[in-house]
Amino acid sequence: MKIADLAGQRVALWGWGREGRAAYTALRARLPEQALTLFCSEAEVADAAASHDPLLVIEHAATGERLGAFDVVVKSPGISPNKPEALEAASRGTRFIGGTALWFGERADAAGDVANAICITGTKGKSTTSSLLAHLLRASGLRTALAGNIGLPLLELLDEDADAWAIELSSYQTRDVAASGARPRIAIVTNLHPEHLDWHGSETRYVEDKLALVTEAHPHIAVLNAADPRLAALVLPGSEIRWYGDTRGWHLRGDALYRGDAFVMQTESMPLPGWHNRSNLCAVLTALDAFGLDAAALAPHAATFQPLPNRLQPIGTRDGILYVNDSISTTPMATLAALSLYRDRPVALLVGGHDRGLPWDDFAHAMHAQAPRAIVTMGQNGPRIRALLEPVAAQAGFALSSATDLADAMAQARDALPDGGVVLLSPGAPSFGVYRDYVARGRHFAELAGFDPEMISGISGMGIV
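In this convention, every chain numbers its residues from 1, walking through the sequence in written order. Where totals are concerned, whole chains, interfaces and linings use all residues; where local detail is concerned, this predicted model gives features only for residues with pLDDT of at least 70, and gives and counts side-chain atom pairs only at 80 or more. With hydrogens and water stripped out, all remaining heavy atoms of the structure feed into the side-chain values.

1. Let's talk about the sheet that holds strand 1 (residues 11-14)
Here's step 1: By the convention used here, strands pair only if DSSP detects at least 2 bridges between them. The way it works is that DSSP assigns letters per residue, a run of H or I at least four long becomes a helix, a run of E at least two long becomes a strand, and they are numbered from the N terminus. Pairing within the open sheet is parallel, and its five strands lie in the order 3-2-1-4-5. Edge positions in the sheet fall to strand 3 (56-59) and strand 5 (95-97), since each of these pairs with one other strand and no more. Averaged over all pairs of adjacent strands, the angle between strand axes in this sheet comes to 25 degrees, irrespective of strand direction.
Here's step 2: Of the pairings in the sheet, the one linking strand 1 to strand 2 (residues 36-39) comprises four bridges and is parallel in character. Note on strand 2: the bridge partner recorded for V11 is L36. Fitted lines through C-alpha atoms give the axes, limited to the stretch in contact for helices. The angle between two N-to-C directions lies from 0 to 180 degrees.

2. Remarks on the pattern of salt bridges
Here's step 1: Throughout this description, the term salt bridge denotes a Lys or Arg side-chain nitrogen within 4 Å of a carboxyl oxygen of Asp or Glu. Within this structure, the stated rule accounts for 22 salt bridges.
Here's step 2: One salt bridge connects D53 with R28, and the closest N-O pair in it is separated by 2.8 Å. Of this pair, D53 sits in the loop between helix 2 (42-49) and strand 3 while R28 is found in helix 1 (residues 18-30), placing the two residues 25 residues apart along the sequence. Neither residue differs from the other here; D53 and R28 are each classed as buried.
Here's step 3: Notably, a salt bridge pairs R175 with E216, separated by 2.6 Å at the nearest N-O pair. One end of the pair, R175, is in helix 7 (residues 174-180); the other, E216, is in the loop between helix 9 (203-215) and strand 10 (221-225), with 41 residues separating them in the sequence.
Here's step 4: Residue classification places E216 among the partly exposed residues on the basis of a relative accessible area of 36%.
Here's step 5: Here the salt bridges do not stand alone but share partners, grouping R175, R205, D209 and E216 into one network. Buried means the residue's accessible area, taken with a 1.4 Å probe over protein chains only, is under 20% of the maximum for its type, while exposed means over 50%, and partly exposed covers the values in between.

3. Section: the packing of aromatic side chains
Here's step 1: Planes of paired rings set the category: under 30 degrees apart is stacked, over 60 is edge-to-face and the rest tilted, where pairs are Phe, Tyr or Trp rings (Trp by its six-membered ring) whose centres lie within 6.5 Å. According to the stated counting rule, one finds nine aromatic pairs in the structure shown.
Here's step 2: A ring pair is formed by Y323 and F445, whose centres lie 6.1 Å apart and whose planes are at 65 degrees; its orientation type is edge-to-face. You can see Y323 sitting in strand 16 (residues 321-325) and its partner F445 sitting in helix 17 (residues 438-448), a full 122 residues away along the chain.
Here's step 3: Under the relative-accessibility criterion, F445 is labelled buried at 0%.
Here's step 4: A connected cluster of aromatic rings, assembled from ring pairs, spans W103, F104 and W165.
Here's step 5: We call a charge positioned above a ring when the Lys NZ or Arg CZ atom is no farther than 6 Å from the ring centre and deviates by at most 35 degrees from the ring normal. Over the ring of F451 we find R318, and its NZ or CZ is 4.6 Å from the ring centre.

4. Comments concerning helix 17
Here's step 1: When helix 17 is considered as a whole, its buried residues turn out to be R441, G442, F445 and A446. One face of helix 17 carries all of its buried residues, which in axial projection span an arc of 140 degrees.
Here's step 2: Packed against the buried residues of helix 17 are strand 15 (313-318), strand 16, strand 17 (347-351), helix 16 (406-415) and strand 20 (421-425).
Here's step 3: Counted as a polar contact is a pair of N or O atoms within 3.5 Å, where, for protein atoms, one must be capable of donating a hydrogen and the other of accepting one, and residues adjacent in sequence contribute only when both atoms are in side chains. The residue sitting at the N-terminus of helix 17 and contributing the capping side-chain oxygen is D437; that oxygen lies 3.1 Å from the backbone nitrogen of V439.
Here's step 4: Positive backbone phi, approximately 90 degrees, marks G450, located one or two places after helix 17. Taking the helix axis as origin, the arc is that swept by the directions to the C-beta atoms. The contact definition used throughout considers only heavy atoms, calling two residues in contact when any of these lie within 4.5 Å.

5. Section: the packing of helix 6 (residues 126-139) against helix 11 (residues 275-290)
Here's step 1: It is the contact of helix 6 with helix 11, at a shortest axis distance of 9 Å, that shows an interaxial angle of 50 degrees. Taken together, helix 6 and helix 11 sit at an angle that is classed as oblique. Between helix 6 and helix 11 lies a crossing of right-handed hand. Of helix 11, the residues touching helix 6 (which contributes T128, T129, L132, L133, L136 and L137) are N277, N280, L281, A283, V284, L285, A287 and L288.
Here's step 2: The residue classification treats Ala, Val, Leu, Ile, Met, Phe, Trp, Tyr, Cys and Pro as nonpolar and Asp, Glu, Lys and Arg as charged. All others, Gly included, are polar. Per-class residue counts for the contact of helix 6 with helix 11 are ten nonpolar, four polar and no charged. Each angle receives one of four descriptions, namely roughly parallel if under 35 degrees, roughly antiparallel if over 145, roughly perpendicular if within 65 to 115, and oblique otherwise. The hand of a helix crossing depends on one turn: near helix anticlockwise from the far one by less than a right angle means left-handed, and clockwise means right-handed.

6. Examining unusual backbone geometry
Here's step 1: At H218, a position not held by glycine, the phi torsion is positive, near 50 degrees.
Here's step 2: Inspection of the secondary structure assignment puts H218 in the loop between helix 9 and strand 10.
Here's step 3: Looking at H218, the relative accessible area reads 36%, which means it is partly exposed.
Here's step 4: In this structure, L312 takes a positive phi of about 50 degrees despite not being glycine.
Here's step 5: The topology assignment puts L312 in the loop between helix 12 (295-298) and strand 15.

7. A word on the side chain of E168
Here's step 1: Residue position: E168 is located in strand 8 (residues 164-168).
Here's step 2: Charge counting follows a simple rule: Lys and Arg are positive, Asp and Glu are negative, and His as well as the terminal groups are ignored. Here E168 is buried and forms no salt bridge, its nearest opposite-charge partner K126 lying at an N-O distance of 4.7 Å.
Here's step 3: Side chain to side chain, E168 and S127 meet in a polar contact 2.8 Å long.
Here's step 4: When neighbours within four sequence positions are excluded, E168 is seen to be in contact with I120, K126, S127, S130, A147, G148, N149, I150 and Q173.

See below:
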């Protein structure tokens, strides 16, 4: 679908965050005479009204009946199509799309291809993979865009040109690529674990939505992690599959990086903390090969990559305690990966936050063999996590306590490490309800530890370079 296809239709926007504003700007630029309706929160009405657009009607009651009065609703990614009002409107014939669909529709050639688009998704690792991919594409001399879910809406770059596009997509956006009718050149899927169940409605639907990037958008080449059981089982007619994570392609043997049977280099000095992050390098190198570049020659440039903040970010040592900010961790599996990085040191782990209903049973079971010195639970799902861990703590012998907030949790963590160690913030849960986002949570952690919260900086390299 191209924006021009919306001319003369009844069109609404739903959401006035950055994605919503980008969609409005793109629609107004392409369709200056098109009447539009915006559904937004009451708090956003004044900002939207500042556009002084006589063809924009602003409402804050997005009921199923009102949404159902439109042919097309361009919704922001955070708004679930499974909301009752969205389902009611869809039953009346309303089509819901996102800004990602509009961008791909505008970029597709006559055959429906977006030949320089490399899409990246996965439960964890997609931001690091996207940023590292952009870094190495730029090292090859290509003018490269880094955009999407990483923090820069694609529609903000609608009229910009690049040799290559590294596009991060959340599970909220993957179906938009298929809905656009466009076909990306390459799509990477890093891994699959349950997440965002409140948005998707179930784990099954989450997996279906996530995999829509490769099962429905039909990229020319799908780059898949052979070490992930669900990905390893995929069959994708119409797409070439290139595997990483086993001997068929790029993979790790300890810290050694191999392409097939050929040793390429050691990775222990790379600024990629944790084995899982070095696995992301394998995904990137596989995509570079698929893009027609010499991935082996580009691999050493990973040494100059700037790690992303809030992702296993050491923020400093005070009184013998290293403080590590992994605020981006929003699943129990991510917390386990973080914990494994410090398995040889005394660790006080801070877990808990907004409760999205994710199961913590596997995490609790892993604590029999992978327990830190202490675990402090907090947040909405803290009591549920503690209840699962109590019988394990008694058997495995680690300290278990509950905190009222992050400051209390950090005080308890410090008390658990009288001889020094690591205080690890890896919550395994979102920050909703207490913080604006995971960045604000990470900044507060840095401040409470006695460090400058400004070090919790934004992601560098977004846009076109």
